[in-house]
Amino acid sequence: MSETRTIVSSVAIALLIISAGCSAFAGGSGPAEETVSSTQTPEPTPDIIKTQTPEPMETESTQVATKGTETETGSTTEGDLSKAEKFEEFDENMQYLYDADEENRSAEMEAFPDNDSYHITVEMRDTTNFTKTRNDRLNPLWKYYAIVEDYNNNDDHLPDRDHTYIPDTVNVTFTTEDGGVFETTHIKYIWAYKYYTDEWSLRVFMAKYGSTTEEGPAYHEKGR
């Protein structure tokens, strides 16, 4: 009898377990919800990976922007010369031409960037000699014109320069051997440029320059 009761009890327990399992599959909501939530839990992982992936790209774009900024800064620095700095280069050119002058003419020069002008004081070699006087008068004109021509030629000799390096007006004072003011005159950039472009002939260019001449206190007729 005891064995029979044991078997009956076991069978009853087994039936209870089976019936509980069948009811879970048939309409129970608890286990099913747990299964769904467990399968959905890993889904956010790909989202995290996607948000982290673009970080190297942002770093690269930042580097590119930095390079661009450096390039712009460099180009600005190269072309951002002041008027005084440009006139310093003009002065160096003029000094070079006078130093290379075979006639050994003596001249003092000074730049005035604020009013776009330049001043040359030329000591004439002999104001009683017509030939020397004539050549000394024309000498500043040809030296100035040589620089105007050099800055306007499209031969890549001075690729980063233009006429803003050249004073608009060059005032010239001719002195006698003892320092007296013999004559004064001036040259304009536009005159030299018109001659350079063949708009003016040599005769017109020289006549325009000569028309600005004024006699100084030490002027005399000898040498004319």
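Now for a quick tour of the structure. (Residues numbered from 1 in each chain as written. Predicted model: local features only at pLDDT ≥ 70, side-chain atom pairs only at ≥ 80, totals over all residues. Heavy atoms only, no water.)

### Digging into the nonpolar core
Stage number 1. With 30 residues, the main nonpolar core has Met94, Ile120, Tyr144 and Ile166 as its most contacted residues.
Stage number 2. Of all the elements in the fold, those that place two or more residues in this core are helix H5 (83-99), strand S2 (117-123), helix H6 (130-152), strand S3 (169-175), strand S4 (181-188), helix H7 (189-196) and helix H8 (202-210).
Stage number 3. The element that contributes the greatest number of residues to this core is H6, accounting for seven residues.
Stage number 4. Discounting residues that sit within four places of it in the chain, Ile166 has contacts with Phe87, Phe90, Asp116, Tyr144, Ile147, Val148, Tyr151 and Tyr189. (Core = buried A, V, L, I, M, F, W, Y, C linked by side-chain atoms within 4.5 Å. Buried < 20%, exposed > 50% of the residue type's maximum accessible area, 1.4 Å probe, protein only. Helix = DSSP H or I, 4+ residues; strand = E, 2+ residues; numbered from the N terminus. Contact = heavy atoms within 4.5 Å.)

### Looking at the pattern of salt bridges
Oppositely charged side chains are able to pair whenever their charged atoms sit close together.
Stage number 1. Inspection of every chain in the model, using the stated rule, returns five salt bridges.
Stage number 2. Its salt-bridge partner being Asp116, residue Lys83 comes within 3.7 Å of it at the nearest N-O pair. Placement of the pair is Lys83 in helix H5 and Asp116 in the loop between strand S1 (106-112) and S2, with a sequence separation of 33 residues.
Stage number 3. Look at Lys83 and you get partly exposed, because its relative accessible area is 31%.
Stage number 4. With a closest N to O distance of 3.1 Å, Asp136 and Arg125 form a salt bridge. With Asp136 in helix H6 and Arg125 in the loop between S2 and H6, the pair connects residues that are 11 residues apart, well separated along the chain. (Salt bridge = Lys/Arg side-chain N within 4 Å of Asp/Glu carboxyl O.)

### Digging into the packing of aromatic side chains
Stage number 1. Taken as a whole and judged by the stated rule, the model has 10 aromatic pairs.
Stage number 2. Ring geometry for Phe182 against Tyr219: centres 5.1 Å apart, planes inclined by 40 degrees, an arrangement best described as tilted. Within this pair, whereas Phe182 is found in strand S4, its partner Tyr219 is found in the segment after strand S5 (214-215), the two being separated by 37 residues in sequence. In this structure, Phe182 and Tyr219 share a single accessibility class: buried.
Stage number 3. Ring geometry for Tyr195 versus Phe205: centroids 5.0 Å apart, planes at 10 degrees, classification stacked. Residue Tyr195 is found in helix H7, and its partner Phe205 is found in helix H8; the two are separated by 10 residues along the sequence. Here Tyr195 matches Phe205 in class, with each residue buried.
Stage number 4. Through a chain of ring-to-ring contacts, three or more aromatic side chains come together here, namely Trp142, Tyr145, Tyr195 and Phe205.
Stage number 5. We note Lys86 situated over the ring of Tyr165; from NZ or CZ to the ring centre the distance is 5.3 Å.
Stage number 6. Of note, Lys143 hangs over the ring of Tyr98, and the distance from its end group to the ring centre comes to 4.6 Å. (Phe/Tyr/Trp six-rings, centres within 6.5 Å; stacked < 30°, edge-to-face > 60°. Lys NZ or Arg CZ within 6 Å of the ring centre and 35° of its normal.)

### Quick word on the environment of Ala218
Stage number 1. Residue placement: Ala218 occurs in the segment after S5.
Stage number 2. Judged by relative accessible area, Ala218 falls into the partly exposed class, the value being 22%.
Stage number 3. Along the primary structure Ala218 and Phe174 are separated by 44 residues, whereas in three dimensions their C-alpha atoms are 9.8 Å apart.
Stage number 4. In this view, Ala218 contacts Thr176, Gly180, Val181 and Phe182; residues no more than four positions away in its chain are not counted.

### Remarks on the sheet that holds S4
Stage number 1. The mixed open sheet is built from five strands, whose spatial order is S1-S2-S3-S4-S5. Lying at the two open borders of the sheet, with one neighbouring strand each, are S1 and S5.
Stage number 2. Across the sheet, H6 is in contact with S2, S3 and S4; its angle to S4 comes to roughly 30 degrees. (Pairing = 2+ DSSP bridges. Axes fitted to C-alpha atoms, helices over the stretch in contact; angles between N-to-C directions.)

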